[in-house]
Amino acid sequence: ATVYHAVHRTSKAQVVIKVSAHAAERLADLQAAARLKHPRLAPVLQVTMHGDLVCQVMPYFKNGDLGRRVRRYGRLSVGEALDHVRAAADAMHYA
């Protein structure tokens, strides 16, 4: 998938658009994921198809993701890492 930073036409909010090729067979899964509401899951605002491309529109998070944080500031402490693992497990259990 390729991810783009954009401004939503209607709301003018900053968003990211994740574009996946050949994902049409996963469209129902992506639409189901868009219905999930959990504080640890990035909400999917819109799912659309354009030919064989599936586009997911999600909010833009200014601080990026955990990978960016680690690249910028280095390793997490054991406690911080466990907090993130617990949060991810909680979100996965919900999904």
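Please refer to the structure higher up on the page.
About the criteria used
- Residues numbered from 1 in each chain as written.
- Predicted model: local features only at pLDDT ≥ 70, side-chain atom pairs only at ≥ 80, totals over all residues.
- Heavy atoms only, no water.
- Buried < 20%, exposed > 50% of the residue type's maximum accessible area, 1.4 Å probe, protein only.
- Helix = DSSP H or I, 4+ residues; strand = E, 2+ residues; numbered from the N terminus.
- Arc of directions from axis to C-beta.
- Contact = heavy atoms within 4.5 Å.
- Salt bridge = Lys/Arg side-chain N within 4 Å of Asp/Glu carboxyl O.

A. Main features of helix α1 (residues 27–34). Listing the buried residues of α1 in full gives L27, L30 and A34. Each buried residue of α1 lies within a common arc of 65° when the element is viewed along its axis, so the set occupies one face. Seen from the open side of α1, the exposed residues pointing more than 90 degrees away from its buried face are A28 and D29. Lining the buried residues of α1 we find β3 (46–50) and β4 (53–59).

B. Spatial organisation of the pattern of salt bridges. Within this structure, the stated rule accounts for two salt bridges. Here E80 makes a salt bridge to R69, at a shortest N to O gap of 3.0 Å. With E80 in helix α3 (residues 78–94) and R69 in helix α2 (residues 66–73), this pair connects stretches of sequence that are eleven residues apart. By relative accessible area, which is 31% here, E80 ends up partly exposed. Here R69 falls in the partly exposed class, since its relative accessible area comes to 29%. Here R86 makes a salt bridge to D83, at a shortest N to O gap of 3.3 Å. Here R86 and its partner D83 are both found in helix α3, three residues apart, which amounts to about one turn of the helix. Looking at R86, the relative accessible area reads 53%, which means it is exposed.

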